[in-house]
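Results of the structural survey
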Amino acid sequence: MILEVAVLQVKEGLSDEFERDFKLASAIIASMKGYRGHELQKCIEESHKYILLVRWETLEDHTVGFRGSAEYLEWKRLLHHYYDPFPTVEHFTNVDIS
């Protein structure tokens, strides 16, 4: 499993609208091949900052499948105008520490 991590900095004063539209966008990502779950966390210290965690079966499910899909265009339409700067997205894999 792959964990996608994105720090989202929403333009000041737009958090309520962002959260509303993120609820709509959640249905889009949840319908994608390889999707395993996601969560959105809001920063306590900076109320316009969020972290998005998305679990994917493979890296390509996100980078090729989702980002290359027609559904991604709707995701972009709903959310990308809220960000400043544009989010940095990184992918992580579990480390066995047992």
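Residues numbered from 1 in each chain as written. Predicted model: local features only at pLDDT ≥ 70, side-chain atom pairs only at ≥ 80, totals over all residues. Heavy atoms only, no water.

What follows is about the overall build of the protein chain. The number of helices and strands found in the protein chain is three helices and four strands. Overall, the protein chain shows an N-to-C arrangement of helices and strands of β-α-β-β-α-α-β. A compact globule built from 98 residues would reach a C-alpha radius of gyration of about 13 Å, and the protein chain, at 14 Å, matches this within 12%. Taken over the C-alpha atoms alone, the protein chain extends approximately 40 × 35 × 20 Å along its principal axes. Residues classed as buried in the protein chain amount to 37% of the 98 residues present. (Helix = DSSP H or I, 4+ residues; strand = E, 2+ residues; numbered from the N terminus. Rg over C-alpha atoms; globule rule 2.2 N^0.38 Å. Buried < 20%, exposed > 50% of the residue type's maximum accessible area, 1.4 Å probe, protein only.)

Nonpolar side chains tend toward joint burial in soluble globular proteins. Of all hydrophobic cores here, the largest spans 22 residues; its most connected members are Phe18, Trp56, Phe66, Trp75 and Leu79. Within the residue set of this core, elements represented by two or more residues are strand E1 (2-9), helix H1 (15-30), strand E3 (49-56) and helix H3 (70-79). Examining the composition of this core, we find that five residues originate from one element, H1, more than from any other. (Core = buried A, V, L, I, M, F, W, Y, C linked by side-chain atoms within 4.5 Å.)

Once that is clear, we can look at the environment of glutamate 4. Within the element layout of this structure, glutamate 4 appears in strand E1. Other than its neighbours up to four places away in sequence, glutamate 4 contacts Leu52, Leu53, Val54, Trp56, His62, Val89, Glu90 and His91. Among the polar contacts listed, one links the side chain of glutamate 4 to the side chain of tryptophan 56, at a separation of 2.8 Å. (Contact = heavy atoms within 4.5 Å. Polar contact = N/O pair within 3.5 Å; in protein donor to acceptor, adjacent residues only side chain to side chain.)

Gaps between atoms show up when a probe of the same size as a water molecule is rolled over them. Approximately 180 Å³ is the volume found for the largest pocket. Residue composition of the lining of the largest pocket, grouped by class: eleven nonpolar, two polar and two charged. (1 Å grid on protein atoms, 1.4 Å probe; cavity = no way out; pocket = protein on both sides within 12 Å on 5 of 7 lines; lining within 4 Å. Points joined across faces, edges and corners; volume = space filled by probe spheres on them. Nonpolar A, V, L, I, M, F, W, Y, C, P; charged D, E, K, R; others polar.)

A few words on the sheet that holds E3. Ordered by their spatial adjacency, four strands build an open sheet running E2-E3-E1-E4, and the pairing between neighbours is antiparallel. With partners counted over all chains shown, the strands left at the sheet margins are strand E2 (35-42) and strand E4 (88-93), one partner each. On average, adjacent strands in this sheet sit at an angle of 20 degrees to one another, irrespective of strand direction. Sheet topology places E1 next to E3; eight bridges connect them, and they run antiparallel. Considered in E3, the bridge of alanine 6 is made with leucine 52. Sitting on the sheet, H1 touches E1, E2 and E3, and the angle it makes with E2 is about 175 degrees. Contacting E1, E3 and E4, helix H2 (residues 59-66) crosses the sheet at an angle of about 145 degrees to E4. (Pairing = 2+ DSSP bridges. Axes fitted to C-alpha atoms, helices over the stretch in contact; angles between N-to-C directions.)

According to the stated counting rule, one finds seven salt bridges in the structure shown. The salt bridge partner of arginine 20 is aspartate 21, with a shortest N-O separation of 3.1 Å. Residue classification places aspartate 21 among the buried residues on the basis of a relative accessible area of 9%. Taking the shortest distance from any N to any O, the salt bridge between glutamate 39 and arginine 55 comes out at 3.8 Å. (Salt bridge = Lys/Arg side-chain N within 4 Å of Asp/Glu carboxyl O.)

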